[in-house]
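Residue strings, one per chain:
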Amino acid sequence: MHDQYDRDINYLRVSVTDRCNLRCKYCVPKEGVSLIGHDDILRYEEILRVIRVASDVGISKVRITGGEPLVRKGLIDFIAAVSAIDGIQDISLTTNGILLEKHAADLFHAGIKRINISLDSLDSEKYADITRGGDLQAVLRGIEEVRRIGFSPIKINTVAIKGFNDGEILDFVRMSLDRPYQIRFIELMPLGSLENNGKYLSNEIIMSEIKKSCDLIPLNGKRAKTDGPARMYKLDGGMGEIGFISPVSHHFCFSCNRLRLTADGHLRACLLSDDEIDLKTPLRDRCSDEDLAALVKNAIENKPFNHTLVNDGNHLKKCIKEMSAIGG
Ligand code: SAM
């Protein structure tokens, strides 16, 4: 279904939990966040119903996210059920990778072939610091495992943070030389109650750092092809690719095709706008599929044209909800 700006809205990101086994400093405040009560988190059968109805409205791609999706029990069976929905042609997962080694084969067989792994440092101590205790080696083993099994593409998402991982940019870039990974640099966004001011690093700065040491070859000619919101490049002779996702400096709202279903059952048409439509109440009041479809259509019809961030990493308007509750 097209929205009022003629964007084909065909992509639903589903947060299956707000719980996470990491506490990334830029994502979750030190004191933690108040977690959604168990009863207020959508049950799998409720999520499946939303996806089924949304697929009738034109959603064909689903990404499972969180919180950390792999901490929710029953995820593999849920994914297999999503894969079986007519009209869902593409299902992918975003994870921090901590539990990936253990679950990779089951995920693959349940229908996940495309995977995004978040990784902000290749240094064990720094990784433990930014994630407040995460084990880098577990993530690296998970990445190796998905490569061994044959997931494709394998996207490694790195949030660039000034004064934290700006010295590791080339280490990440080099991972794309002899391995088929898409390394994607993502600009830090001002979300929730975060202390991110002054840590924003634009992708232009990262690109110019990379270009001091190696050529970035745009994929598909002079203008880098886009892969979703990423502008894509590669190194000469590299097996993998390098992408730049610039939600702050070059917003891609004009081509945004997404809706988000939050863990507490709200439909959100823009990551950075707190306007949401409550689906949980009507679901639990036994609404009809037609009523549910009307709410999904309403979200699409009222999807804002663009977000309200200012192109200045230090003075950005914030939205209220944490990324962990919305689903990244
Ligand atoms: N737990 C999963 C993971 O780590 O990939 C999925 C949820 S996490 C919220 C999804 C993504 O959002 C991660 O790649 C994380 O780095 C990113 N993220 C969280 N807060 C962010 C922020 N303020 N700016 C940019 N990206 C952010």
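Residues numbered from 1 in each chain as written. Predicted model: local features only at pLDDT ≥ 70, side-chain atom pairs only at ≥ 80, totals over all residues. Heavy atoms only, no water.

Undergrad: What am I meant to see in the pattern of salt bridges here?
TA: Oppositely charged side chains can form a pair if their charged atoms are brought close together. For the coordinates displayed, the defined rule picks out 19 salt bridges. Taken together, the shared-partner salt bridges connect Arg43, Glu45, Glu46 and Arg284 into one network. (Salt bridge = Lys/Arg side-chain N within 4 Å of Asp/Glu carboxyl O.)

Undergrad: What exactly am I supposed to notice about the pairing of strand S9 (residues 230-234) here?
TA: Consecutive side chains of a regular strand alternate in pointing toward one face of the sheet and then the other. The sheet contact formed by strand S7 (residues 217-218) and S9 spans two bridges and is antiparallel. When the sheet's bridge partners are listed, Ile217 is paired in S9 with Lys234. As paired strands, strand S8 (residues 226-227) and S9 are joined by two bridges and run antiparallel to one another. Residue Asp227 lies in a different strand from S9, and its bridge partner there is Ala230. What sits between S8 and S9 in their antiparallel hairpin is a turn of two residues, with Gly228 showing a positive phi close to 60 degrees. (Pairing = 2+ DSSP bridges. Helix = DSSP H or I, 4+ residues; strand = E, 2+ residues; numbered from the N terminus.)

Undergrad: When you look at the site of the ligand in this model, what are you seeing that I'm missing?
TA: Taken together, 17 residues lie near the ligand, and Tyr26, Gly67, Glu68, Ser118 and Met189 sit nearest. Between the ligand and Glu68 there is a distance of 3.0 Å, counted from a nitrogen atom to a side-chain nitrogen or oxygen. In the model, a nitrogen atom of the ligand is placed 2.7 Å from a nitrogen or oxygen of the Met189 main chain. In isolation the ligand exposes 550 Å². Once the protein is present, 94% of that is buried. (Near = heavy atom within 4 Å. Polar contact = N/O pair within 3.5 Å; in protein donor to acceptor, adjacent residues only side chain to side chain. Areas by Shrake-Rupley, 256 points an atom, 1.4 Å probe, with all protein chains shown as cover.)

Undergrad: Looking at this model, I keep getting lost on unusual backbone geometry. Mind explaining?
TA: The general pattern is negative phi for most residues beyond glycine and trans for most peptide bonds. The linkage connecting Ser152 with the following residue, Pro153, adopts the cis geometry, with an omega of -5 degrees. Along the polypeptide, Pro153 turns up in the loop between helix H5 (136-149) and strand S5 (154-160). A positive phi angle is found at Arg132, which is not glycine, with a value near 55 degrees. In this fold, Arg132 is placed in the loop between helix H4 (124-130) and H5. On the basis of relative accessible area, Arg132 is assigned to the partly exposed category, the value being 31%. Positive phi outside glycine occurs at Arg286, with the angle close to 60 degrees. Inspection of the secondary structure assignment puts Arg286 in the loop between helix H8 (280-284) and helix H9 (289-301). (Buried < 20%, exposed > 50% of the residue type's maximum accessible area, 1.4 Å probe, protein only.)

Undergrad: Where do I start with the packing of aromatic side chains in this structure?
TA: Each pair of aromatic rings is reported with the distance of its centres and the angle of its planes. For the structure on display, the rule yields six aromatic pairs. With 4.6 Å between their ring centres and 20 degrees between their planes, Tyr44 and Phe78 make a pair best called stacked. Of this pair, Tyr44 sits in helix H1 (residues 44-57) while Phe78 sits in helix H2 (residues 75-83), placing them 34 residues apart in sequence. Seen from their ring centres, Phe185 and Phe244 are 5.8 Å apart, and the 25 degrees between their planes marks the pair as stacked. Placement of the pair is Phe185 in strand S6 (residues 181-187) and Phe244 in strand S10 (residues 241-245), with a sequence separation of 59 residues. Taking relative accessible area as the criterion, Phe244 reaches 0% and is therefore assigned buried. Here the aromatic cluster, defined as three or more aromatic residues joined through ring pairs, consists of Phe172, Phe185, Tyr233 and Phe244. A cation sits over an aromatic face here: Lys61 above Tyr11, 4.7 Å from the ring centre. The ring of Phe164 is capped by Lys126, whose NZ or CZ atom sits 5.3 Å from the centre of that ring. (Phe/Tyr/Trp six-rings, centres within 6.5 Å; stacked < 30°, edge-to-face > 60°. Lys NZ or Arg CZ within 6 Å of the ring centre and 35° of its normal.)

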